[in-house]
Amino acid sequence: MTAKYKPNSIETKWQQYWEEQRTFYTREDSDAPKFYMLEMFPYPSGRLHMGHVRNYSIGDVVARYKLKCGYNVMHPFGWDAFGLPAENAAIERGVHPAGWTYSNIKDMRGQLQKLGLGYDWDREIATCHPEYYRWEQQIFLRAFEKGLVYRKKALVNWSEKMQTVLANEQVIDGVDYRYGLPVVQKELTQWFFKTTAYAEQLLDGIDNELDENWPKRVVLEQRSRIGKSHGAKVVFTLEEEIDGETELPVFTTRPDTLWGVTFMSLAAEHPMALKLAAGTDKDTEVNAFVQKVLAEDKRKRGSEDYEKQGVFTGRYCVNPVNGTRVPVYVANFVLMDYGTGAVMAVPAHDQRDFEFAKKYDLPIKVVIHPDENSSLDAATMESAYTEDGVQVNSEQFDGMNNRDAIEKIADYLAEKGWGGKTINYRLRDWCVSRQRYWGAPIPVIYCDKCDVVPVPEDQLPVMLPENVKFEAEGGSPLAKCEEFVHTTCPKCGGPARRETDTFDTFMESSWYQLRYASPRYTDGPVDPAAIEKWLPVDQYIGGIEHAVGHLMYSRFYHRLMQDLGYFPKSVSSEPFKKLLTQGMVCKETRYTLDENGNPKWHTDDDIDENGNSRINGEKVLTGRVEKMSKSKYNGVDPEAIMARYGVDSARLFVLFASPPENDLVWKDEGVDGVHRFLSRVWNMVQQRKEALVAAASFTGSPDSLSAAGKELHKLTHQTIMGVTGDVDGRFHFNTAIAKCMEFMNVISKFTPAAGNDADASVQKDAVLALVNLLSVFAPHVCEEMWQQLGQEGSISTVPWPSYDEDAVKESTITIAIQVMGKMRGTVEAPAGCSKDEMEKLAFAHDNIQKHIEGKTVRKVIVVPGKLVNIVAN
RNA sequence: GCCAGGGUGGCGGAAUUGGUAGACGCAAGGGACUUAAAAUCCCUCGAGCUAUUGCUUGUACGGGUUCGAUUCCCGUCCCUGGUACCA
């Protein structure tokens, strides 16, 4: 009788051991090559979910593997600790955000340690700590000095009821999430980073460094967010000077249609919209229209069924190329934050302009014909012609291919001083002001005399005051905190007010990967020497939901800090060298239907043994596989799984069930499966322990082995090769684990030939290799088995096994034989068998003879070591 | 609409360069052990024929290239994600 596999005590034992031995702490004195492994840090919600388990298990495999390969691994962990849930908890339960957050961190840290994840806890950071956010304030001020930060008015979602600004996700169909009352658009002066100044650099970074190493999808989304587009600026002149303005510039990608312009459309937010109408008989109408459009929320304006509307301003402008007078409209579909907020309208060649012209009965003028032989008639057109063609009605450009005309006309504009080629980006500047409490205060003071005054660096950090009240209504707690707001002006010493907005929490997550390199540095946000040593992150892992937001801001911030001189230009300009985006963890949903036919979701525990609901007695139905969520009740608590199967089984399952980038479907039976596998390995080790310990490692020639011994020897090396290939760079942990299972299946059937020491040695090497390979996936049980097998030290620091090139070679190969491309049999042949011999063996095969009988052999294709295909008819 | 990715057994998934489709696991069925059950072990497992060695068919669908296609090309359908008045 041997001891059963009982994971829990083994797991506690080795977690303690790793912590005592500081196994996964970075070695600062090491001269081994560095490897910086990072997973996206979590928001400390208080409880770990399966998505975390998956993300951090994947990262842990990579970190452990790299450590075993001899790298000096840095694998830090921290907390993205500012954010809205803490404030909600404060409002709902009266607990202070700080206390709530720190206690959540404590709980989650405990859970992570129970998962056996190898982190360097000395580097732990929490972004809500003043020693973290003080540097963020400094970076902001230095960027401000350099002109990379500025203030401007921007629209926010404003709730009258709550007297506060809401995030986009707190606004549902124009009403707030809490009371369901209307949310209006309000203009506030807010702080912005000039991310647009880095648009071209961010694109270059993708081209030069990320294209090959980041998932295609992410690269694509980043590119489209930057949205570079080549076009031309065209300056239209106003008929008369209005409020000091004489020009109305537009951006167009189609300067070839310039002669087809029949009107102009301005965004409702365009600074000239109201000014143009002032003094005309359209004044009231335009005012009303602009008011109406501005009141509509962003979501509605972006929706598909939003009706295109516009109104004439009563003014005209002049097309520089032909002096044509065109009416200026205000249109609700023109975006202020793309291009110049003004669009030259060419109804014949743009669908929106076409519909607009039809609706308001504006002229349509064709300037491109499909080709020389076909023409378009403005009077009978049913939609805009947006394809390529030949220029007409365009004076000296007539007859030219429009693609060429785009270039030529842009050059012509430049020559005449009417505009010229230009590049436009979709990327917008980053608004970092948030009207919230639980964030880093923006370090600025407003003085009646001196206007905007940055807080002097030696007065940082601007601490978040603790003594504030949290209420659902009545606005920002910071703005109501008198002792925070009232201050003196650093310039003139007079009374002044502090900025009460805090930073967007993307600010903290934009540079945490830099802070980890020197987490306790007190002379600045980062120690340049540490950055030079550790950056960039060699492997970054996280959710696809951050494909643009976080990853774009971090890339920007990295360059910004580099430009501000925080670390040298010799460091890569990209923070994350390689990126892996892991899929979601999903599970079947279970539900019953209520009297209205709406689903009511159930947890597995709500269901009795007959498949009925314990709540309402109804038959429970199985719904779609969906992302685990609280609302669908299909979540699985990691703690419960760990208690039932052990950590190693939980980890092994999430790694085995599907490749990391795919969504993973959670199945308890699947965990049973991997648990069974670990038990089989465990039992095998228990049963053969004495023989394994007694045997020596295999050193002799394979000739001394039994036939089965030879096979096992070969398979050992093949498995090492295969698993290494799967793990290294490819992250195909599912196939790596499958190979270990196959290996185990062979080992379990193997018995050393009686009296054959070489066989016993090969068995020992096989088991040691298996335990070593598996140790990156299921570390605790492997540590224990390693020790039981009489091995020195911790498997976590034992080198990853290597394989012998000669040992993996097959002595005989199976050759596939086809007739006319169809499989008709296989034959065994010695390795390195010549083409002629292969052909001979193929023809000697009974079944092959049957298939070629009475036919003429036209051709024989021989792929060495693989197959023979006989073409006969 | 546009862009991208995908579609392989009952299920999750393998097949790294065009060369034996379905590794490994789950589920299912059968058997051994047991008084019995659990656990464990062994066997079967794409579909259809067939007496067993065999044959036909099969990687969403329709074509093509090739001695040979899950893999390459063209077209169609469906799914998933991103994006959407971007001038």
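Provided above is the structure to which this section pertains.
The rules behind the values
Residues numbered from 1 in each chain as written. Chains lettered and ligands numbered in written order. Predicted model: local features only at pLDDT ≥ 70, side-chain atom pairs only at ≥ 80, totals over all residues. Heavy atoms only, no water. Helix = DSSP H or I, 4+ residues; strand = E, 2+ residues; numbered from the N terminus. Buried < 20%, exposed > 50% of the residue type's maximum accessible area, 1.4 Å probe, protein only. Contact = heavy atoms within 4.5 Å. Near = heavy atom within 4 Å. Polar contact = N/O pair within 3.5 Å; in protein donor to acceptor, adjacent residues only side chain to side chain. Pairing = 2+ DSSP bridges. Axes fitted to C-alpha atoms, helices over the stretch in contact; angles between N-to-C directions. Expected span 1.5 Å × (residues − 1). Salt bridge = Lys/Arg side-chain N within 4 Å of Asp/Glu carboxyl O. Phe/Tyr/Trp six-rings, centres within 6.5 Å; stacked < 30°, edge-to-face > 60°. Lys NZ or Arg CZ within 6 Å of the ring centre and 35° of its normal.

Even after reading the chapter, I still don't get the environment of Gln763, so can you show me in this structure?
For Gln763, the position within the fold is in helix H23 (residues 757-774). By relative accessible area, which is 3% here, Gln763 ends up buried. Between the alpha carbons of Gln763 and Ala126 there is a distance of 49 Å; along the sequence they are 637 residues apart.

Just to check I follow, could you spell out the environment of Asn88 for this structure?
Considering the arrangement of structural elements, one finds Asn88 in helix H3 (residues 84-93). Between the alpha carbons of Asn88 and Lys630 there is a distance of 17 Å; along the sequence they are 542 residues apart. Not counting the four nearest positions on each side in its chain, Asn88 is found in contact with Tyr177 and Arg178.

Help me understand the protein's contact with RNA strand B in this model?
Among the 55 residues in the neighbourhood of RNA strand B, the closest are listed as Arg217, Tyr306, Tyr338, Arg352 and Asn869. For RNA strand B, the fraction of atoms within 4 Å of the protein that belong to sugar or phosphate moieties is 68%. With respect to RNA strand B, the side chain of Glu742 contributes an N or O atom lying 3.1 Å from a sugar or linking oxygen. Within the contact set of RNA strand B, a base nitrogen lies 3.3 Å away from a side-chain nitrogen or oxygen of Gln818.

What am I meant to see in the sheet that holds strand S33 (residues 822-830) here?
The strands making up a sheet associate through backbone hydrogen bonding, with each pair oriented either parallel or antiparallel. A sheet is described by the order of its strands in space; here four strands give the open sequence S33-S32-S35-S34, paired in mixed fashion. The sheet terminates laterally at S33 and strand S34 (857-863), the two strands that pair on one side only. Adjacent strand axes in the sheet meet at a mean angle of 20 degrees, parallel and antiparallel pairs treated alike. Where S34 meets strand S35 (residues 867-872), six bridges bridge the pair, whose relative direction is antiparallel. Residue pairing across strands places Val860 opposite Ile870, the latter belonging to S35.

Would you mind showing me how to read unusual backbone geometry here?
Peptide bonds are mostly trans, and most non-glycine residues show a negative phi. That bond from Leu460 to Pro461 is cis: its omega, 0 degrees, falls within 30 degrees of zero. With respect to the secondary-structure elements, Pro461 resides in the loop between strand S22 (451-454) and helix H13 (482-485). At the junction of Leu535 and Pro536, the peptide bond is cis and its omega measures out at 0 degrees in the coordinates. We note that Arg22 has phi near 55 degrees; this positive angle belongs to a residue other than glycine. Relative to the elements of secondary structure, Arg22 occurs in the loop between helix H1 (7-21) and strand S1 (34-39). Judged by its relative accessible area of 42%, Arg22 is partly exposed.

How do you make sense of helix H21 (residues 707-727) when you look at a structure like this?
With 21 residues, H21 extends 30 Å from end C-alpha to end C-alpha; this agrees with the ideal 30 Å at 1.5 Å per step. Once H21 ends, the next one or two residues include Gly729, with phi positive near 80 degrees.

Looking at this structure, how should I read the side chain of Ser794?
Mapped onto the elements, Ser794 comes out in the loop between helix H24 (779-788) and strand S32 (812-819). By relative accessible area, Ser794 is classed as buried at 5%. Here the side chain of Ser794 touches Glu783 through a polar contact of 2.6 Å, side chain to side chain.

Is there a simple way to think about the pattern of salt bridges in this case?
A pair can form between side chains of opposite charge whenever their charged atoms are brought close. Tallying each qualifying case throughout the model produces 42 salt bridges. The closest approach of N and O atoms between Lys421 and Asp411, which form a salt bridge, is 3.5 Å. A residue pair is termed long-range when its members are at least 10 positions apart, and Lys421 in strand S18 (residues 419-424) and Asp411 in helix H12 (residues 402-416) qualify at 10 residues. The salt bridge involving Lys739 is made with Asp726; its shortest N-O contact spans 2.6 Å. Of this pair, Lys739 sits in helix H22 (residues 733-749) while Asp726 sits in helix H21, and the two are 13 residues apart along the sequence. Classification of Asp726 by relative accessible area gives buried; the value is 4%. Within the structure, one salt-bridge network assembled from shared partners comprises Glu28, Asp120, Arg123 and Lys533.

Would you mind going over the packing of aromatic side chains with me for this structure?
A ring pair, where both rings are aromatic, is described by two values, the distance of the centres and the angle of the planes. Applying the stated rule across the entire model yields 47 aromatic pairs. On the numbers, 5.5 Å between centres and 35 degrees between planes, the contact of Phe312 with Tyr329 is tilted. One end of the pair, Phe312, is in strand S13 (residues 310-318); the other, Tyr329, is in strand S14 (residues 325-331), with 17 residues separating them in the sequence. Measuring from centroid to centroid gives 6.3 Å for Tyr329 and Tyr360, while their planes differ by 45 degrees, and the two rings are tilted. Of this pair, Tyr329 sits in strand S14 while Tyr360 sits in helix H11 (residues 351-360); the two residues are 31 residues apart in sequence, bridging distant segments of the chain. In this structure Tyr329 comes out as buried when scored by relative accessible area, which is 9%. Through pairs of rings, three or more aromatic residues link up here, namely Phe140, Phe144, Trp191, Phe193, Tyr198, Trp430, Phe503, Phe506, Tyr553, Phe556 and Tyr557. Over the aromatic face of Trp158 sits the side chain of Lys186, whose NZ or CZ is 3.5 Å from the ring centroid. Here Arg325 stacks its cationic end above the ring of Tyr316, 3.8 Å away from the centre of that ring.

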